[in-house]
Amino acid sequence: SSTSTSPIVDIHTHMYPPSYISLLSKRTTVPYIYQPSDPTADPRLIILESDDDPSKPKESRGRPVDSTYSSFDKKREFMSIHGISCSVISLANPWLDFLDPEIALSTAVAINDDLENECAKNNSSSEHQGLKLYAFGTLPLSAPAKDIVSEIHRLKFLPHMKGVIMGTTGLGQGLDDPALNDVYAALASTGTIVFLHPHYGLPAEAFGGPSVVSKTGHVLPLALGFPLETTIAVSRMYLAGVWDQHPKLEFLLAHSGGTLPFLAGRLESCVAHEREFIANGGKTQGPERSIWDVLQNNIYLDAVIYGKPGLKAAIEAAGSVDRVMFGTDHPFFPPLGEEGGKWLSVESNKTVINGALSQDDQSIKKILGGNAVRVLGLEL
Ligand code: 5CU
């Protein structure tokens, strides 16, 4: 097909650099890595609250964490297998959310420098021609706001850093926290795009309690908890007027914006009918811009949604195919069977993109790579 000559760019692809693996390996509470007593067994990654299920032995909690999580060679191998020419790598959840404030900045600097150096080394090596690496930086969110701002400014001098990844808790009180004002101002003034990614999901009670989650594993937390977390976080930002105050602030939302594309109309309608808001005779300042305006001017969406209705809603809500970008979520969702071949999670997403936009090669090329090259300023 004509897409075969166009670059495929993966903007949703994670890693835990070796320094982060060693950080988690020293911990015994969530998030932590558990090394089973059998030295041939893969360590276990226990990062979600629901992973740490006391009814299970530690060696079967969470998920196995092998070298695909931390090896750049494995990342390149994965890219080659799937025809991906460029990956914009981000630290995976829960990032640095849990760090003591005193070490948060130095840890962020070390991880960001590490990623920058690996990308620089890769992109200048003749060995890896046709496989480019860039990264989203990580922020020391448990540190004082001035440290976060200083890292945002420093990242602008690292040429392979194309934005930052962030979870939904902000400084601990959510993304509608007025204490984030300086951080948002720094992100907007430096033109730093924020890749917003969930981690905390919803309490187990929302899914019927720990006994249900224990029997069905990651299905409910990842399929529903993650997207709803993103939806709630962005809706709170919108209601607090974050984009009224920072009209240049740009966010890229994981998993096609959670359920926001589907629910934006309800959000808009509820705002229009809310008596609390000054515009409707109340006392609270409501959002001044329409949610559609924000979606179409401040928000980009990834295409990691695995279904045609979801992808079509994302394109429609974003206003055009120009604001939607391909991702794989590697190394999460590996094949459960044999190693070495193409991943179901990647192929099913590509099938959805092709199916939702059949006959429209130009749009497919934009989602698969063109948009990322333009929006993030990638040199391939
Ligand atoms: O679906 C995803 O994006 C992920 C992720 O990033 N981290 C995780 O723990 N599971 C799934």
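Calculation rules
- Residues numbered from 1 in each chain as written.
- Predicted model: local features only at pLDDT ≥ 70, side-chain atom pairs only at ≥ 80, totals over all residues.
- Heavy atoms only, no water.
- Patch = residues over 30% accessible without salt bridge, like charges linked within 9 Å, V, L, I, M, F, W, Y side chains within 5 Å.
- Areas by Shrake-Rupley, 256 points an atom, 1.4 Å probe, with all protein chains shown as cover.
- Salt bridge = Lys/Arg side-chain N within 4 Å of Asp/Glu carboxyl O.
- Lys, Arg positive; Asp, Glu negative; His and termini not counted.
- Charge placed at Lys NZ, Arg CZ, Asp CG, Glu CD.
- Helix = DSSP H or I, 4+ residues; strand = E, 2+ residues; numbered from the N terminus.
- Buried < 20%, exposed > 50% of the residue type's maximum accessible area, 1.4 Å probe, protein only.
- Near = heavy atom within 4 Å.
- Polar contact = N/O pair within 3.5 Å; in protein donor to acceptor, adjacent residues only side chain to side chain.
- Axes fitted to C-alpha atoms, helices over the stretch in contact; angles between N-to-C directions.
- Left-handed = near helix turned anticlockwise from the far one by under 90°.
- Contact = heavy atoms within 4.5 Å.
- Nonpolar A, V, L, I, M, F, W, Y, C, P; charged D, E, K, R; others polar.
- Pairing = 2+ DSSP bridges.
- Right-handed = clockwise from strand over helix to strand, strands pointing away.

Participant: Just checking my understanding: could you explain a negative patch on the surface for this structure?
Facilitator: A grouping of D42, D66, E77 and E339 is seen on the molecular surface, where their side chains present a negatively charged patch. Mapped onto the secondary structure, E339 falls in the loop between strand 11 (324-325) and helix 12 (344-356). Accessibility expressed as a relative area gives 74% for E339, which makes it exposed.

Participant: What should I look at first to understand the site of the ligand in this one?
Facilitator: Every residue near the ligand is listed here: H12, H14, I47, R63, N93, H197, L222, F226, H255, D329, F332 and F333. Between the ligand and the protein, one listed contact pairs a nitrogen atom with a side-chain N or O atom of N93 at 2.7 Å. The side chain of H255 places a nitrogen or oxygen atom 2.9 Å from an oxygen atom of the ligand. Broken down by secondary-structure element, the contributors of at least two residues to the shell around the ligand are strand 1 (9-15) and helix 7 (219-239).

Participant: Got a minute to help me understand the pattern of salt bridges in this structure?
Facilitator: A side chain with one charge may pair with a side chain of the opposite charge, provided their charged atoms come close. With the rule as written, the count across this model stands at ten salt bridges. When the shortest N-O distance is used, the salt bridge between D52 and R61 registers 2.9 Å. Judged by its relative accessible area of 23%, D52 falls in the partly exposed class. A salt bridge links R154 to D113, with the nearest nitrogen and oxygen atoms 3.0 Å apart. Here the residue R154 occupies a position in helix 4 (residues 145-155), and D113 occupies one in helix 3 (residues 101-124), the gap between them amounting to 41 residues. Bridged by salt links that share partners, the residues D113, E151 and R154 form one connected network.

Participant: Please clarify how the packing of helix 7 against helix 9 (residues 260-272) should be interpreted in this entry.
Facilitator: A pair of packed helices can be characterised by two numbers: the angle between their axes and the separation between those axes. Relative to each other, helix 7 and helix 9 sit at 35 degrees, their axes nearing to 11 Å. When you trace helix 7 past helix 9, the crossing you get is right-handed. Of the residues in helix 9, those touching helix 7 at T231, V234, S235, Y238 and L239 are L260, L263, L267, E268 and V271. Counted by class, the contact of helix 7 with helix 9 contains seven nonpolar, two polar and one charged residues.

Participant: Quick question: what am I supposed to make of a nonpolar patch on the surface here?
Facilitator: Where nonpolar side chains cluster on the molecular surface, the patch consists of L224, L228 and I232 and spans about 230 Å² of accessible area. Tracing the backbone through its elements, the reader meets L228 in helix 7.

Participant: Is there a simple way to think about the side chain of N349 in this case?
Facilitator: Along the chain, N349 falls in helix 12. Setting aside its immediate chain neighbours within four residues, N349 contacts A303, V304, I305, Y306 and G327.

Participant: Please clarify how the pairing of strand 7 (residues 161-166) should be interpreted in this entry.
Facilitator: Side chains on a regular strand alternate between the two faces of the sheet. With respect to burial, strand 7 is a largely interior element, six of its six residues being buried. Direction of pairing for strand 6 (residues 132-138) relative to strand 7: parallel, over a ladder of three bridges. Each bridged residue has a counterpart across the sheet, and for G137 the counterpart in strand 7 is V164. Taken together, strand 6, helix 4 and strand 7 form a β-α-β motif whose crossover is right-handed. For the crossover from strand 7 across helix 5 (residues 181-189) to strand 8 (residues 194-196), the handedness is right-handed.

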